Amino acid sequence: MTYFRHNIEQMSGYVPGEQLIGTNIIKINSNENPYPPSPLVLAALRNLDGELLRRYPEPMAGRFRTAVSAALDLPSDWIIVGNGSDELLGVITRACTSPQRQIVCPMPTYVLYRTLAQIQDAEFVEIPYDDNYNLPLEEIIAANGAVTFIASPHSPSGTVVPLDLLDKLAAQLQSILVIDEAYVDFAAEDALELAKKHDNVIVLRTLSKGYSLAGIRLGFAVANPGLIAGLMKVKDSYNVDAIACIVGVAALQDQAHKNANAEKIKTSRATLASELQKLNFDVCPSQANFLLARSPHGNAEYLYHSLKTRGILVRYFPQPRLEDKLRITVGTDEQNAQLVKALAEIMG
Ligand code: PMP
């Protein structure tokens, strides 16, 4: 006897990165930004007006939407705001997929895509990347799902799909192509032009990574007004709270703060990659704020547990093609140095 639909009963549910509470924990498992958000954000929070909390928030996150529209130089009807970009992935899934309408993903990828398919009872079609994370373009086109999710920069590898390939894919697909740019603030280029050029492209962004605001839950999607209007029908009435909107406006005003942190992280990323290589890890070329590193002895699970014992949390994925690797968020230089020291000790 169950009260749930069959697919809900069968699925195990998304497991987010662990949280270890403690003062000396080095938490580099969820790709959070190691630096605090802009001082403008903290000032906006200190100056909050209680009146704002008494009322329901703006249904379409109006002021934040306007700020995004100004930042991207696009009309606001090209933008939908979400309670994190995760919520928008859910909105897209609910709007476009069903048991008869498949989701297609090159694999491995962000684990939530599969979870959303399971909740929706939509078939999830996996198309493997090769070992260098080259996009399996022809196979994705042939699969022709109702929605194709591509993370670029990709998680968990940090690699990017060249824009000309995404352009080709968008032109060939008869259906929605979601380009998930959660990590774009650490990358060399972005796909926004493709959302303007193709009426089936949705570009997804978040304030969780580059803007150091994972705790606020704020993201947005960019697509042509026809698509945005369809997604608006599916979202909750007041999906983004008033505090998130105020904070988001302040964060967007301080591009210099976000860019300076991104530059620091990119420099630390290069240093950390070369330190890991000195320990004989094989490191994927990353344009994100994390590194996927293959352990020289294939003992990634052991390394994960040993690091955890020392208060260092990294991400380990017990799944095919990832079980010999660790995904490590780029932390502060001090945190990265402690990680490398711990790994050197554990590996003897
Ligand atoms: N897309 C990818 C590829 C991610 O790794 C994440 C972060 N876990 C998200 C989307 C979700 O980001 P958020 O919901 O914090 O905006």
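From a predicted model like this one, the values you see are computed outputs, not experimental measurements.

1. Regarding the UniProt feature "domain: Aminotransferase class I/classII large" (unreviewed entry) in the protein
Consideration 1: Summarizing the sequence annotation, UniProt attributes the feature "domain: Aminotransferase class I/classII large" (unreviewed entry) to residues 24-343 in the numbering used throughout.
Consideration 2: Summarising residues 24-343: 42% helix, 16% strand, and an end-to-end C-alpha distance of 17 Å.

2. Section: the pairing of strand β4 (residues 124-128)
Consideration 1: As judged from the five bridges shared by strand β3 (residues 103-107) and β4, these two strands associate in the parallel manner. Note that in β4 the partner of Met107 across the bridge is Pro128.
Consideration 2: Running through helix α6 (residues 112-120), the crossover from β3 to the neighbouring parallel element β4 is right-handed.

3. Comments concerning the sheet that holds β4
Two orientations exist for strands paired in a sheet by backbone hydrogen bonds: parallel and antiparallel.
Consideration 1: Judged by pairing direction, the sheet is mixed, and its seven strands sit side by side in the order β2-β8-β7-β6-β5-β3-β4 without closing on themselves. For this open sheet the edge positions go to β2 (79-82) and β4, each flanked by a neighbour on one side alone. Along the sheet, successive strands turn relative to each other by an average axial angle of 25 degrees, direction set aside.
Consideration 2: Bridge count between β2 and strand β8 (residues 219-222): four bridges; the pairing is antiparallel. Of the residues in β8, the one forming a bridge with Gly82 is Gly219.
Consideration 3: Sitting on the sheet, helix α4 (residues 62-72) is in contact with β2 and β8, with an inclination near 130 degrees to β2.

4. Focus: α6
Consideration 1: Within α6, burial applies to Tyr113, Thr115, Leu116 and Ala117.
Consideration 2: Along its buried surface, α6 packs onto α5 (85-96), β3, β4 and β5 (147-151).
Consideration 3: Downstream of α6 by a residue or two, Asp121 has a phi angle that is positive, lying close to 60 degrees.

5. Things to note about unusual backbone geometry
Consideration 1: Following Met107, the chain continues into Pro108 via a peptide bond in cis, with omega recorded as 0 degrees.
Consideration 2: Note that Pro108 resides in the loop between β3 and α6.
Consideration 3: Of note, the amide linkage connecting Ser155 to Pro156 takes the cis form, showing an omega dihedral of 15 degrees.
Consideration 4: Residue placement: Pro156 occurs in the loop between β5 and α8 (163-172).
Consideration 5: One non-glycine residue, Asn144, adopts positive backbone phi at about 45 degrees.
Consideration 6: As for its placement among the helices and strands, Asn144 is situated in the loop between α7 (137-143) and β5.
Consideration 7: Despite not being glycine, Asn280 shows a phi value in the positive range, around 70 degrees.
Consideration 8: As for its placement among the helices and strands, Asn280 is situated in the loop between α12 (255-278) and β9 (282-283).
Consideration 9: Looking at Asn280, the number of C-beta atoms within 10 Å reads 11, which means it is exposed.

Cut-offs and rules
Residues numbered from 1 in each chain as written. Predicted model: local features only at pLDDT ≥ 70, side-chain atom pairs only at ≥ 80, totals over all residues. UniProt positions renumbered as here; feature names shortened; annotations may be inferred. Helix = DSSP H or I, 4+ residues; strand = E, 2+ residues; numbered from the N terminus. Pairing = 2+ DSSP bridges. Right-handed = clockwise from strand over helix to strand, strands pointing away. Axes fitted to C-alpha atoms, helices over the stretch in contact; angles between N-to-C directions. Contact = placed C-beta atoms within 7 Å. Buried ≥ 20, exposed ≤ 12 C-beta atoms within 10 Å, placed from the backbone.

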